[in-house]
Number of protein chains: 2
Amino acid sequence: MRPKNLIKEEAIRSIALQIIADEGLENLSMQKLAKAAGISPRTIYIKYENKEDLLIKLFIEEVLGAYEKAVLKNFDPAAPFAEGVRKLWLNGFHYLINNRHAFALIQHGKASPLLNRAYQQKNIKEGDFFGPIQQFLTLNVEAGIIKYFPQEVHRALLFSPMLDLVAEYFDYQTRPQQIITPETILACCEAVTQGILISKK
Amino acid sequence: MRPKNLIKEEAIRSIALQIIADEGLENLSMQKLAKAAGISPRTIYIKYENKEDLLIKLFIEEVLGAYEKAVLKNFDPAAPFAEGVRKLWLNGFHYLINNRHAFALIQHGKASPLLNRAYQQKNIKEGDFFGPIQQFLTLNVEAGIIKYFPQEVHRALLFSPMLDLVAEYFDYQTRPQQIITPETILACCEAVTQGILISKK
DNA sequence: TTTGTAAGTAAACAAACGTTTACTTACTTT
DNA sequence: AAAGTAAGTAAACGTTTGTTTACTTACAAA
């Protein structure tokens with residue numbers, strides 16, 4: 001039996017991400033993708049059931065999986081709160097600005113009903129997505145260091161500004177001066193941290 | 001000369017928004033839209049140059065315009081900082097949870113290169129988009145009440161968690177218990193406010 | 001070295017795409 | 001009341017869509 005050509009599999013995924021980032025999800029077609037990857041449309045269907053299957057696997061496995069790994073790299077849930085948040089911010093920020101295509105699909109994941117549903121199902125099936133972060137937050141709530149919120153709310157407060165700053169970073173890449181510097185990121189990280197600390201009166 | 005039927009114009013816009021919210025931008029087609037609105041495809045082309053023109057006008061005029069108006073309703077740039085932010089949060093949150101279709105297109109605006117470009121151009125042409133908020137922030141920076149950041153960064157810190165919470169609100173609408181309550185919103189609003197205040201030591 | 005078989009290709013399928021053509025309708029102006 | 005005209009329709013344009021059919025290729029196992 002002829003073995004799968006893994007290089008072609010990788011080409012499909014990376015070129016699909018590139019088209020989505022440059023032209024949007026609405027402009028990705030199977031035929032365009034095949035032509036850009038230098039393969040027959042049929043070959044895509046050997047590796048993926050159909051277009052939806054390709055998009056979902058791209059989003060969940062290729063993008064979210066790698067993003068989670070990058071964010072959690074060298075992260076210690078037992079670290080002091082401010083230090084832990086800083087680690088997560090810097091990991092996430094550096095990964096995303098160096099992986100523009102992945103960031104683009106993450107943004108699509110918040111807009112497209114198809115990807116949104118897939119994400120919700122993944123979150124339900126594997127409750128431990130970004131598990132160490134949940135553990136980290138629970139520890140700090142129980143220690144009376146930060147305010148209690150449901151985990152989704154904690155995530156919105158702590159990390160959604162970071163994603164917005166990545167978007168601004170890319171916007172400013174085409175302009176003469178970048179305003180999203182490493183110092184900006186650290187200052188913003190401190191601000192969100194300060195926001196959910198229980199203030200010592 | 002036969003006058004334009006404004007009811008049909010409104011139908012095109014509202015049904016387009018509905019399709020985008022329910023099926024995603026990638027599943028909106030001119031023929032599908034015409035059929036759903038009970039009109040001929042040609043009629044859409046009387047009011048819009050082409051599909052891109054329709055999407056951009058929907059996004060900029062119909063959605064962002066109305067959103068800006070709702071957020072700024074009864075907002076006073078001279079109000080105390082915490083009070084002003086609270087007003088903006090409540091205005092925005094209530095508008096978005098009552099206008100699911102508008103929220104969906106705003107999310108697409110962050111993902112789709114077409115809409116993203118259109119937004120950037122609008123922002124460059126009319127520098128006063130969300131002008132009263134800029135004024136409000138400048139006032140509070142100059143008074144030494146809040147930390148200085150570029151306006152885009154201020155907006156990321158103050159408002160991106162709110163949009164994320166709206167997304168969570170809709171996610172939880174299909175589940176037995178809503179976790180994003182008015183109390184949650186107020187508590188989160190206080191957290192982001194606390195984050196950018198200059199702490200009195 | 002031959003053979004079995006899944007991986008891969010080129011070409012095609014019907015359906016749907018964005019947009020236009022040819023025509024009719026309804027209202028304003030005279 | 002008649003004429004002029006932009007709004008509107010039904011049907012079609014050529015192209016592209018997602019997916020499949022019929023065939024070839026390249027490798028593992030025998």
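It should be emphasised that the depicted structure is a prediction, and the values quoted were computed from it without experimental measurement.

Reading the values: rules and limits
- Residues numbered from 1 in each chain as written.
- Chains lettered and ligands numbered in written order.
- Predicted model: local features only at pLDDT ≥ 70, side-chain atom pairs only at ≥ 80, totals over all residues.
- Heavy atoms only, no water.
- Helix = DSSP H or I, 4+ residues; strand = E, 2+ residues; numbered from the N terminus.
- Expected span 1.5 Å × (residues − 1).
- Buried < 20%, exposed > 50% of the residue type's maximum accessible area, 1.4 Å probe, protein only.
- Near = heavy atom within 4 Å.
- Polar contact = N/O pair within 3.5 Å; in protein donor to acceptor, adjacent residues only side chain to side chain.
- Nonpolar A, V, L, I, M, F, W, Y, C, P; charged D, E, K, R; others polar.
- Least-squares fit on C-alpha atoms with pLDDT ≥ 70 in both.
- Contact = heavy atoms within 4.5 Å.
- Buried area = accessible area lost by both parts, 1.4 Å probe.
- Salt bridge = Lys/Arg side-chain N within 4 Å of Asp/Glu carboxyl O.
- Phe/Tyr/Trp six-rings, centres within 6.5 Å; stacked < 30°, edge-to-face > 60°.
- Lys NZ or Arg CZ within 6 Å of the ring centre and 35° of its normal.

Chemist: Provide a residue-level description of helix 7 (residues 113-125) of chain B, including the pertinent values.
Modeler: For an α-helix, 3.6 residues make a turn, and residues three or four places apart therefore share a direction. Spanning 13 residues, helix 7 of chain B covers 18 Å between terminal C-alpha atoms, matching the ideal 18 Å at 1.5 Å per step. When we look at burial in helix 7 of chain B, the residues that qualify are B:P113, B:L114, B:L115, B:A118, B:Q120 and B:K122.

Chemist: I'd like to hear about the protein's contact with DNA strand D, residue by residue, with values.
Modeler: With respect to spatial proximity, 25 residues lie near DNA strand D, and among them A:M30, A:Q31, A:K51, B:N5 and B:T43 are the closest. Between a phosphate oxygen of DNA strand D and a main-chain N or O atom of B:S40, the distance comes to 3.2 Å. B:T43 is positioned such that a nitrogen or oxygen atom in its side chain is 2.2 Å from a phosphate oxygen of DNA strand D. Examining the composition of the surface near DNA strand D, we find that four residues originate from one element, helix 3 (residues 41-47) of chain B, more than from any other. Residue classes in the surface near DNA strand D are distributed as 10 nonpolar, seven polar and eight charged.

Chemist: Describe the relation of the copies chain A and chain B, listing the residues and the values that go with them.
Modeler: For the match of chain A to chain B, the screw axis carries a shift of 0.0 Å, the RMSD comes to 0.0 Å, and the turn is 180°. With respect to symmetry, the two chain copies, as superposed, fit the operation of a two-fold axis.

Chemist: Kindly report on the interface of chain A and chain B, identifying the contributing residues and their values.
Modeler: The interface of chain A with chain B comprises 41 residues on the first partner and 41 residues on the second. Taking both sides of the interface into account, the surface hidden between chain A and chain B amounts to around 3,300 Å²; carbon and sulfur atoms contribute 60%. Three residues stand out in chain A for area buried against chain B, namely A:E26, A:E152 and A:Q194, and they jointly supply 16% of the buried area on that side. Linking B:D164 and A:K110 is a salt bridge whose minimum nitrogen-to-oxygen distance equals 3.9 Å. Put simply, chain A and chain B have 11 residue pairs in polar contact (both at pLDDT 80 or more) between them. For the side of chain A that touches chain B, the elements supplying multiple residues, two or more each, are helix 1 (6-23), helix 6 (100-111), helix 7 (113-125), helix 9 (151-173) and helix 10 (182-196) of chain A. Here the element with the most residues in the side of chain A that touches chain B is helix 9 of chain A; it accounts for 11 residues. Across the side of chain A that touches chain B, the residue classes tally to 21 nonpolar, 10 polar and 10 charged.

Chemist: Explain the packing of aromatic side chains to me, and be specific about the residues and the numbers.
Modeler: Residue and element names in this part refer to chain A. This model, assessed by the stated rule, comprises 18 aromatic pairs over all chains. Their ring planes at 40° and their centres at 5.7 Å tell us that F103 and F170 sit as a pair that is tilted. You can see F103 sitting in helix 6 and its partner F170 sitting in helix 9, a full 67 residues away along the chain. Across the pair, exposure class does not vary: F103 and F170 are buried alike. Their ring planes at 75° and their centres at 5.6 Å tell us that Y169 and F170 sit as a pair that is edge-to-face. The burial state of Y169 is the same as that of F170; both residues are buried. Members of the aromatic cluster, connected to one another through ring pairs, are Y67, Y95, Y119, F129 and F130. The ring centre of Y172 lies 4.3 Å from the NZ or CZ of R175, which sits over that ring.

Chemist: Break down the pattern of salt bridges for me, citing the residues and quoting the values.
Modeler: Evaluated as defined, the whole model comprises 14 salt bridges over all chains. The residue B:R100 makes a salt bridge to B:D22 at a minimum N-O spacing of 3.1 Å. One end of the pair, B:R100, is in helix 6 (residues 100-111); the other, B:D22, is in helix 1 (residues 6-23), with 78 residues separating them in the sequence. Judged by relative accessible area, B:R100 falls into the partly exposed class, the value being 36%. On the basis of relative accessibility, which here comes to 39%, the residue B:D22 falls in the partly exposed class. When salt bridges that share partners are traced, they join A:R13, A:E61 and A:E62 into one network.

Purely geometric stuff here, so don't read any function into it on its own.
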